[in-house]
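Coordinate analysis (summary)
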Amino acid sequence: MDLLSNLPDRIHEILKEGAKKGDTRVAITDELGNDWSYARMISTVDRVATEMSELGIRAGDRVMIVCENSVAAIILMYAASQLDAWAVTTNARLSEREIALIEHDSQPRRVFYTSLVSPDADVHATNAAAETLHMSGIGEVKVGKMNESAAPEKVYEDAAKQVAVLIYTTGTTGRPKGVMLSHRNLLYVACRGQRMKTLFAEDVAWCVMPISHSYGLVLLQGLLFAGGRLKIMPRFDVEKTLDAVASGEVTILNAVPALLNRVIAHVEKNNLTMTPNSLRYVYSGTAPLDLSLRQKVENIFDVVLHNGYGLTETSPTISRTIYEKGTGEINIGTPIPGVTVKVVGANGNEVGQGESGELLVKGPNVMLGYYGQPELTRDVIDADGYLRTGDLVSLNEMGEITIQGRSKELIIRSGFNVYPQEVEAALNAHDAVLNAAVIGVPVEGNEEIIAFVELVPGGAVEPAELSAFIENTLAQYKRPQRIVVLPQLPMAPNGKIRKHELKKFAQQSPIED
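Described below are features of the structure shown in this document. None of these values were measured; they are calculated from a predicted model.

So, on to the overall build of the chain. For the chain, the helix and strand inventory stands at 15 helices and 26 strands. Here the chain has a C-alpha radius of gyration of 23 Å; the compact-globule value for 513 residues is 24 Å, and the two agree. On the principal axes, the C-alpha backbone points of the chain span a range of 65 × 55 × 45 Å. Across the 513 residues that make up the chain, the buried fraction comes to 58%. Here the contacts in the chain between residues at least 6 apart in sequence split such that 69% fall between residues at least 24 apart. Once the 49 positive and 63 negative side-chain charges of the chain are each reduced to a mean point, those two points are 3 Å apart.

Strands pair in a sheet through their backbones, by hydrogen bonds, and they do so in one of two ways: parallel or antiparallel. Strand order in the open sheet formed by three strands is β24-β25-β26, and the pairing between neighbours is mixed. At either margin of the open sheet sits one strand with a lone partner, and together these are β24 (433-443) and β26 (482-486). Across the sheet, the mean angle separating the axes of adjacent strands is 25° when strand polarity is ignored. Note: strand β25 (residues 446-455) against β26, five bridges, orientation parallel. Following the sheet pairing, isoleucine 450 is matched in β26 by arginine 482. Along the sheet, helix α13 (residues 420-428) contacts β24, β25 and β26; its crossing angle with β24, the most-contacted strand, is approximately 145°. In the packing of helix α15 (residues 499-508) onto the sheet, the strands contacted are β24, β25 and β26, and the crossing angle to β24 comes to about 55°.

With that out of the way, let us pick up empty space enclosed by the protein. With the rule as written, the count across this model stands at two cavities of 30 Å³ or more. One number sums up the size of the largest cavity: a volume of about 100 Å³. Lining of the largest cavity is provided by Asn261, Ile264, Ala265, Glu268, Ser292, Leu293, Lys296, Asn428, Asp431, Val433, Leu434 and Val456. Going through the elements one at a time, α10 (257-269), α11 (291-301) and β24 are the ones with two or more residues in the lining of the largest cavity.

Bringing the pairing of strand β9 (residues 178-182) into the picture now. Counting buried residues in β9 gives five out of five residues, a clear majority hidden from the surface. With burial as the criterion, each face of β9 is covered, one bearing Gly178, Met180 and Ser182 and the other bearing Val179 and Leu181. Inspection of the sheet shows strand β8 (residues 163-168) paired to β9 by five bridges, in the antiparallel sense. When the bridges of β9 are listed, valine 165 appears paired with leucine 181. Pairing geometry for β9 and strand β19 (residues 369-370), over two bridges, is antiparallel. Its bridge partner lying in β19, valine 179 is registered against tyrosine 370.

Spatially, the four strands line up as an open sheet ordered β17-β18-β20-β21, and their pairing is antiparallel. Since the sheet does not close on itself, it has two edges, and those belong to β17 (340-344) and β21 (401-406), each with one partner. Each adjacent strand pair in this sheet contributes to an overall mean axis angle of 45°, direction not counted. Here five bridges tie strand β20 (residues 387-395) to β21, and the two strands are oriented antiparallel to one another. Its bridge partner lying in β21, aspartate 391 is registered against arginine 406.

Tracing the sequence through the fold places asparagine 331 in the loop between β15 (317-320) and β16 (334-335). Residue classification places asparagine 331 among the buried positions, given a relative accessible area of 7%. Side-chain polar atoms of asparagine 331 contact the backbone nitrogen of glycine 333, separated by 2.9 Å. Setting aside chain neighbours within four positions, we find asparagine 331 in contact with Asn307, Thr321, Tyr323, Glu400, Ile401 and Thr402.

Let us look at the environment of phenylalanine 505. Note on placement: phenylalanine 505 falls in helix α15. Taking the C-alpha atoms as reference points, phenylalanine 505 and valine 71, separated by 434 residues in sequence, lie 38 Å from one another.

Calculation notes
- Residues numbered from 1 in each chain as written.
- Predicted model: local features only at pLDDT ≥ 70, side-chain atom pairs only at ≥ 80, totals over all residues.
- Heavy atoms only, no water.
- Helix = DSSP H or I, 4+ residues; strand = E, 2+ residues; numbered from the N terminus.
- Rg over C-alpha atoms; globule rule 2.2 N^0.38 Å.
- Buried < 20%, exposed > 50% of the residue type's maximum accessible area, 1.4 Å probe, protein only.
- Contact = heavy atoms within 4.5 Å.
- Lys, Arg positive; Asp, Glu negative; His and termini not counted.
- Charge placed at Lys NZ, Arg CZ, Asp CG, Glu CD.
- Pairing = 2+ DSSP bridges.
- Axes fitted to C-alpha atoms, helices over the stretch in contact; angles between N-to-C directions.
- 1 Å grid on protein atoms, 1.4 Å probe; cavity = no way out; pocket = protein on both sides within 12 Å on 5 of 7 lines; lining within 4 Å.
- Points joined across faces, edges and corners; volume = space filled by probe spheres on them.
- Polar contact = N/O pair within 3.5 Å; in protein donor to acceptor, adjacent residues only side chain to side chain.

See the structure below:
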């Protein structure tokens, strides 16, 4: 399957691709329930691009967009693309410190805040003394002061060299990492659904995942490329999501495992019936999928739960599953066309079939690099163009990838390798557990395995009971030395569990079982 020929030159032209199915068709149902046709989206992008230019935005400038999901955020991103400026999409739910670090690193010409739809964006705008402006079609937007010292980057006509968006990955300390994704990176992945016939013009999906993150962005662009319709949800809402499924309106449901666990818990607690519906499939990504979640999703919605895999650095898709409903597989599929992978051991040599090693990826999805950090870029992309993912995987005879976990998260207990994902899957299989997160903490001469669990609403279980529950599932060296029940696991805006916070908590605070 060819995913590279006849691609547009810039990401804002995705709207024109979708409009080929009819430009009066609805592209976006915004956060207020208003419908936006493809023609309206295109004309609004044109007008807002002109206004951004009048505000001093030039080709090569960085334009920081502090936002939550909204039509304004989408228009601003595509208007930046039209000007050959880089969109620095930034989740408004980040802390003031995190926002400041990104702004300092990217040096945007201006910062735009989607203050109408996001109270958090409005707070950030107030802190920055941003000015309130009314922009064509999207209304009130707050705009920061001009950064006169911001120098534009070189502009390339070649879509493979020109940066479209700069996405900062979740970090803990120090300088953040700005992932430079080119127009071709994003267009290559965006066209996949339409060209591989997994997305159609008739599809309707919730825009649930933040578009300021790569997973939400690729879902947005993939559906628009196919000519489908996206309903915007600024923040994930379980009841609204299930209402949309029950009404028969949505055909595809996308969410990360942590959010799908919340959906399942809500359905079970309220004895809801979610069939019949119009779903063609449910799609998960950004975190490993365990079998118990897949089985529950498929039983409740009566459609297959697919799993996609990738990193922000790979735009983000590397592979996608081709499951049949009820098969019980939990691999992450085969690489999408055009992507080459290999699995290497600690010595850098490829390992045999079924053996574990680090996954290396090469293809038109691989980022241009980390902004302003060439040394860091060289650390992760080798001379042959392979990106080191940091994920430990194995390949089967079908070329399907099974992920064991992150190399940085690997726990070595009494000389044995322990993959947190396996322990988490065992704990998640308990009916009272909503989500589990497993970390390793160094102790004298060893590593201690600590599991943190969040219970389903109204659930009750003691750590000792959970220890007994996994006793016959896991070898002794894989079992946690401590299991801690928390009211809620810390979660990033993109739905990922913040394990670094749990590790800090475990190291700094005495934990009692």
